[in-house]
Amino acid sequence: MMHNAVTLGDKIELTKKTEITEADTYYSMIYEILDDRKIMIQAPLEAGRIVPLEKEVIYYACIYTDRGLYRGEVELTKRLKDGKLHYLELTLITPIKKYQRRQYYRMNCVLSFQFFLEGQDDVLDEEHKYQGTLLDISGGGIRFSTDQQISINTRIKCHLRLKLTDYSIDLEAAGLVLQSKAIEPDQTYYQNRVMFDELGQEDREKIIKFIFEEERKRRKKEKGL
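The shown structure was predicted, so the numbers you read here are calculated from the model rather than taken from an experiment.

1. Some details on the pairing of strand E7 (residues 68-82)
Inspection of the sheet shows strand E6 (residues 58-65) paired to E7 by eight bridges, in the antiparallel sense. Its bridge partner being in E7, Thr65 is matched across the sheet by Gly68. The antiparallel pairing of E6 with E7 creates a hairpin that spans two residues between the two strands. Counted between consecutive antiparallel strands, the loop separating E7 from strand E8 (residues 85-92) contains two residues, among which Gly83 sits at a positive phi close to 70°.

Dropping the structure here:
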């Protein structure tokens, strides 16, 4: 059931199989391929905390490989811990097959940024500026938290500052709010999802470059280099 395109270290997205259009997605990497039906992944993290995936629940697993994007359905069958590291054993429910979807890998992060709500007489000044915290970013959009709810289909303009090794990237990206929901348990902050709909290819490539460089840094850190 496992496809031979899948290898150790491939990035994986897990989304709960549900009728909800915008179900939460969690991100990790393949730590070990146990057999033709089982894989081990690092427990997903969000804002530095382990995400408690549910047992007896089916998740869509999208895997980013060197040969493209593949997807299948999996369920959590075992939790393991090695020192301070946490791992999850996933069992395939359906075969892993090639999946046609635009490949924009989302990277978890915690970065402050500023944004403006468009449609306010097109006046983008300090009065209409808001603060947010990026939770993940991709070439196609962002997920972020704020202390206020934003109406669905609102267009926003984001000011992003992304730090590379030798320099920083400053860019603007406009997009559409697809989701805005209260974060449990205190419900004083809101999680928002935005799809970029006005972003030039050059700026999109800058975001992707930032993601790749950050991933390389993280892998080196994990290996103790």
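Back to the text.
2. Description of the sheet that holds strand E15 (residues 190-198)
Taken in spatial order, the six strands line up as E10-E11-E12-E15-E14-E13 and close into a barrel, and their pairing is antiparallel. Strand after strand, the sheet turns through a mean of 45° between neighbouring axes, direction not considered. Inspection of the sheet shows strand E10 (residues 107-117) paired to strand E13 (residues 155-163) by four bridges, in the antiparallel sense. Along E13, the bridge assignment pairs Leu117 with Ile156.

3. Quick notes on the confidence of the model for the protein chain
With 88% of its residues at a pLDDT of at least 70, the protein chain reaches an overall mean of 85. Within the protein chain, the element-level pLDDT minimum falls on strand E4 (residues 45-46), averaging 77, and the maximum on strand E3 (residues 38-42), averaging 95.

Parameters and conventions
- Residues numbered from 1 in each chain as written.
- Predicted model: local features only at pLDDT ≥ 70, side-chain atom pairs only at ≥ 80, totals over all residues.
- Heavy atoms only, no water.
- Pairing = 2+ DSSP bridges.
- Helix = DSSP H or I, 4+ residues; strand = E, 2+ residues; numbered from the N terminus.
- Axes fitted to C-alpha atoms, helices over the stretch in contact; angles between N-to-C directions.
- pLDDT = per-residue confidence, 0-100.

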